[in-house]
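# Survey of secondary and tertiary structure
Chain residues, written in single-letter form:
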Amino acid sequence: MNILIISRKSENERRHYQSRQMARLGLEYRFLDAFEASDLSLEACQEAANNWPSPTLRQDIACFTSHRMAWNAVVERNERTIILEDDAVLSSDIAEVIRTIRDRDDDWNCVYDLEFVPLPHIMAKSPLWTDDHSGHRATRVFQNRLGLAGYVIGPRAAAKMLQDTKNYALVDAYFWHRSWITAFQIEPAPVVQLRFLEDSANKAPFLRASEDDTFRPKSKLGKHLMRLRLELVKARNLLRAGLFSEKRQIQMDIAKFTLDRDNV
């Protein structure tokens, strides 16, 4: 399966870390040069912020644009792809997960979330499938507000996502709540961002940078309408989940994650 790592050109240490990690796991990959936040004009930032109710950072817009670039690459290669951000740490058994997903005949709109985040998801009570050899399982996700550091997407889903995201949105929250997506969480999660391995979620993972450089929608009415629309999406997902779902933490096996501390 194709592996694409979104990374800024200037992030030499992260690229070196990923190269060592991929070599250790025996995985082939390509880097995708991320969009630079510094290339955004004030006008472009404000235009983007007008499409999202919460405060928007330059980095948010750059991340959104970088993932769109990745989806375009998936469409061009016409191949199901693992998209990673360059701070993703992979489990020692991720190759088994890749093989299992690769060999499945999934529908075009099936997307797999590989990532652990310390935030509860609303998920089906029973998995769709379990791999008898590795023990990994895939469970339907109905609500996931955070995490786009490691996921599997096919070309038709990537093309549909490009069509849906012509205007800016906070990319991870927006991505997982498309009405047409059938999203599944892989557990034990084989991908985790470095920040969640170091100390835990109690520190800075959810803290946003200073709001001195944030952009906000100019229209207060527009802001409230956008917020209402998001709440309706949330309600739709909860109705879809119905009685066959539960709110819980994602499972992971921390023993399967190895940090190359000389290059972190």
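Here, every reference points to the structure presented above.
Throughout what follows, the structure given in this document is the object of discussion. It should be emphasised that the depicted structure is a prediction, and the values quoted were computed from it without experimental measurement.

Okay, the sheet that holds strand β4 (residues 88-90) next. Taken together, three strands build an open sheet; the order of strands is β4-β12-β6 and the sheet is mixed. The sheet is open, and its two edges are formed by β4 and β6 (115-116), each paired on a single side. Looking at chain direction, β6 and strand β12 (residues 191-193) are connected through two bridges and run parallel. Within β12, the residue paired with Phe116 across the bridge is Val192.

It is worth spelling out the packing of helix α3 (residues 58-77) against helix α5 (residues 155-164) at this point. Put simply, α3 and α5 touch, their axes get as near as 8 Å, and they point 140° apart. In terms of orientation, α3 lies oblique with respect to α5. In the crossing of α3 with α5, the sense of the turn from one axis to the other is left-handed. Note on element contacts: α5 touches α3 through Pro155, Ala158, Ala159, Met161 and Leu162, opposite Arg68, Trp71, Asn72, Val74 and Val75. Here the residues of the contact of α3 with α5 are counted per class, giving eight nonpolar, one polar and one charged.

Applying the stated rule across the entire model yields nine aromatic pairs. A centroid spacing of 5.3 Å and a plane angle of 80° characterise the contact between Tyr29 and Phe31, whose relative ring orientation is edge-to-face. Taking relative accessible area as the criterion, Phe31 reaches 25% and is therefore assigned partly exposed. Members of the aromatic cluster, joined through ring pairs, are Trp71, Tyr151, Phe175 and Trp176. A cation over an aromatic ring shows up here: Arg178 above the ring of Tyr174, its NZ or CZ 3.5 Å from the ring centre.

Moving on: α5. The complete set of buried residues in α5 reads Ala157, Ala158, Met161 and Leu162. The arc that holds the buried residues of α5, viewed along the axis, is 140°, so those residues lie on one side. More than 90 degrees from the buried face of α5, the exposed residues found are Arg156 and Gln163. In this structure, the buried residues of α5 make contact with α3, β5 (110-113), β10 (150-153) and α6 (171-175).

This part is about a nonpolar patch on the surface. On the surface, Leu221, Leu225, Leu228 and Leu232 cluster together into a nonpolar patch covering about 420 Å² of accessible area. Position of Leu225 relative to the elements: it lies in helix α8 (residues 220-241). On the basis of relative accessible area, Leu225 is assigned to the partly exposed category, the value being 47%.

This next bit is on the pairing of strand β9 (residues 137-143). For a regular strand, side-chain orientation follows a simple rule: the groups alternate between the two sheet faces. Counting buried positions along β9 gives seven out of seven residues, so the element sits mostly inside the fold. Across two bridges, the pairing between strand β7 (residues 121-124) and β9 is antiparallel. Bridging across to β9, Ile122 finds its partner in Gln143. Where β9 and strand β11 (residues 182-187) come together, four bridges link them in antiparallel fashion. By the bridge assignment for β11, Ala138 is matched with Ile186.

Within soluble globular proteins, side chains that are nonpolar tend to cluster in buried spots. Trp71, Ile83, Tyr151, Ile153 and Phe175 are the most contacted members of the largest nonpolar core, which totals 48 residues. Breaking this core down by element, the ones donating at least two residues are β1 (2-7), α2 (42-49), α3, β10, α5, α6 and α7 (194-198). Broken down by element, the residue count for this core peaks at six residues, all from α3. Other than its neighbours up to four places away in sequence, Phe175 contacts Trp71, Val111, Leu148, Tyr151, Ile153, Met161 and Ile181.

It is worth spelling out the side chain of Gln21 at this point. Topologically, Gln21 is positioned in helix α1 (residues 12-25). Accessibility expressed as a relative area gives 0% for Gln21, which makes it buried. With residues up to four places along the chain from it excluded, the contact list for Gln21 reads Ala88, Val89 and Leu90.

Attention now moves to the pairing of β7. Two strands pair when backbone bridges link them, and β7 and strand β13 (residues 245-248) are joined in this way by four bridges, in the antiparallel orientation. In the sheet register, Met123 faces β13, and the bridge partner there is Glu246.

What follows concerns unusual backbone geometry. With an omega of -10°, the peptide bond running from Glu187 to Pro188 counts as cis. Its location among the elements puts Pro188 in the loop between β11 and β12. Its identity as a non-glycine residue notwithstanding, Asn78 has a phi of 55°, on the positive side. The residue Asn78 is located in the loop between α3 and β3 (81-85) in this model.

Conventions and cut-offs
Residues numbered from 1 in each chain as written. Predicted model: local features only at pLDDT ≥ 70, side-chain atom pairs only at ≥ 80, totals over all residues. Heavy atoms only, no water. Pairing = 2+ DSSP bridges. Helix = DSSP H or I, 4+ residues; strand = E, 2+ residues; numbered from the N terminus. Axes fitted to C-alpha atoms, helices over the stretch in contact; angles between N-to-C directions. Parallel < 35°, antiparallel > 145°, perpendicular 65-115°, else oblique. Left-handed = near helix turned anticlockwise from the far one by under 90°. Contact = heavy atoms within 4.5 Å. Nonpolar A, V, L, I, M, F, W, Y, C, P; charged D, E, K, R; others polar. Phe/Tyr/Trp six-rings, centres within 6.5 Å; stacked < 30°, edge-to-face > 60°. Buried < 20%, exposed > 50% of the residue type's maximum accessible area, 1.4 Å probe, protein only. Lys NZ or Arg CZ within 6 Å of the ring centre and 35° of its normal. Arc of directions from axis to C-beta. Patch = residues over 30% accessible without salt bridge, like charges linked within 9 Å, V, L, I, M, F, W, Y side chains within 5 Å. Areas by Shrake-Rupley, 256 points an atom, 1.4 Å probe, with all protein chains shown as cover. Salt bridge = Lys/Arg side-chain N within 4 Å of Asp/Glu carboxyl O. Core = buried A, V, L, I, M, F, W, Y, C linked by side-chain atoms within 4.5 Å.

Keep in mind these numbers describe shape, not what the thing actually does.
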